[in-house]
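Structural description and commentary
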Amino acid sequence: MTDYRTVPLDFPREFLIGSATASYQVEGAAHEDGRTPSIWDTYSHTPGRVWNGDTGDIACDHYHRLEEDLDLIASLGLEAYRFSISWSRVFPNAGSAMNPKGIDFYARLVDGLRARGISPVATLYHWDLPQELEDAGGWANRDTSYRFMEYAARTVEKLGDRVDTWTTFNEPWCSAYLGYGSGAHAPGRTSGADALAAVHYLNLAHGLAVPEIRREATNDPDVSVTLNFHVARGEREAARRVEALANRAFTSPMLLGRYDDDLLEFTSSVTDWSFVRPGDLEQIHQPLDVLGVNYYSTVTVRMWDGAGEKVRNDGHKDVGGSPWPGLDDVEFLPQDGPFTDMGWNIAPDGLEELLLSLKEQFPEQPLMITENGAAFPDRVTEDDEGRHVHDELRTDYLARHFGAARRAMDQGVDLRGYLVWSLLDNFEWGYGYSKRFGIVRVEYDTGERLPKDSAYWVREQIQRKNG
């Protein structure tokens, strides 16, 4: 077995290393300056949905600490910062009137990054749909795709002269399957048919938005989408089905202009896919400058024989629904450790395998790791020089996954960069503030930021690369 910690991390100078966050997880100021509720505001305020009743009302207070956080990003030497834009902050009530204070916040963020020599990577949608659109049907409603197109076009019109990379969606798998299938994410629906409709309308929204981004942007940015890929191991037939539903339901329409026959076949008991209209797939199929890759762990699967209780160790919270519509006969098995604090297995070889597989499937498509990281507890010490945060397990995790990325590049993968999740400890969705992913510790009672050892490790990689 490869020891990824021994791989020389000799990345080329043009390889971007940075970090990432998402609006609802860090911004706070949920009810200020014209922002109106998103589905995550509603979901987190619903009793029993989120651990300890936590919400993103304050989160990391990034909205009020913007300059401090920009200086923090610069102090760590990060070359790129991936953030997301709150639709509800820019267009309150999902209306047509742009909120000047909302767009000003993101203008100040982008300008602050550029002034510090940091590349802005903007994600238009990271799960926080305006509640008004959910009330009208959400991502199970075709009209939402067109509303997203309008939101994207007008936002890029305002910021499109100085953002380097525009990403349409972060992890539409989560939006569709966790939000509408399992109920573990907002809006909390548990309908397999709605989940598959959401898959298509998220794909369609992406395809509608890409030409608008290219039309409105004036600085020739890269246009992207970020997908969270499932690396399925175990029985071949079960793995094929998981990959079809989790991965190819997005890559095939986006990159090849089709839904695969096997996907349509094993989901036929859930939906007839009649929501796919003539011309949709041609619209979805848009050229991408870079494909964002999010990776955390693998899954091990087999076909269920129907005997005994089905094993559902897929790494996601079980709140009653299923994020796997059409896969009632697939089991997700326990995996070998070690594990992160999320209970996800640590498998850097899965990242190498994934990157090589994407190269094989889409040989001309440049890639970027847009999220990779781990939740672990911190160890805080204090001496005459101040407080220090030690996170040896996270540093080791990153070293091994950076090594896997470097090995993939050595085998011909066109990988453009690596954005660590996450810059800050933050609101971890249904887990509230119980899990810490940040390379910077946040003391939630005071808002204090404390860079961890892992942050300094990332800075060293950037310095070595540019030395």
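Let me begin by describing the structure that accompanies this report.

Scoring rules and cut-offs
Residues numbered from 1 in each chain as written. Predicted model: local features only at pLDDT ≥ 70, side-chain atom pairs only at ≥ 80, totals over all residues. Heavy atoms only, no water. Helix = DSSP H or I, 4+ residues; strand = E, 2+ residues; numbered from the N terminus. Buried < 20%, exposed > 50% of the residue type's maximum accessible area, 1.4 Å probe, protein only. Contact = heavy atoms within 4.5 Å. Core = buried A, V, L, I, M, F, W, Y, C linked by side-chain atoms within 4.5 Å. Pairing = 2+ DSSP bridges. Axes fitted to C-alpha atoms, helices over the stretch in contact; angles between N-to-C directions.

Let's talk about the side chain of serine 224
Of note, serine 224 is situated in strand β5 (residues 222–228). Judged by its relative accessible area of 2%, serine 224 falls in the buried class. Beyond its immediate sequence surroundings of up to four residues, serine 224 is in contact with Thr165, Trp166, Thr167, Thr168, His206, Leu288, Val290, Leu291 and Gly292.

Observations regarding the nonpolar core
Grouped together as the largest cluster of nonpolar side chains are 150 residues, with contacts concentrated most on Trp40, Ile85, Trp139 and Phe148. Counting residues per element, this core draws most heavily on helix α9 (residues 192–216), which supplies 13 residues. Core analysis: the second largest hydrophobic core is formed by five residues, Val121, Val290, Met368 and Leu419 among them.

Here's the deal with the sheet that holds strand β1 (residues 16–20)
The eight strands are arranged β1-β2-β3-β4-β5-β7-β10-β13 in a closed barrel whose pairing can be described as parallel. Pairs of neighbouring strands in the sheet enclose a mean axial angle of 25 degrees, with direction left out of account. Two strands pair when backbone bridges link them, and β5 and strand β7 (residues 290–294) are joined in this way by five bridges, in the parallel orientation. Within β7, the residue paired with valine 225 across the bridge is leucine 291. Helix-sheet contacts for helix α8 (residues 172–182) involve β3 (119–125), β4 (165–170) and β5, and the interaxial angle to β5 is about 40 degrees.

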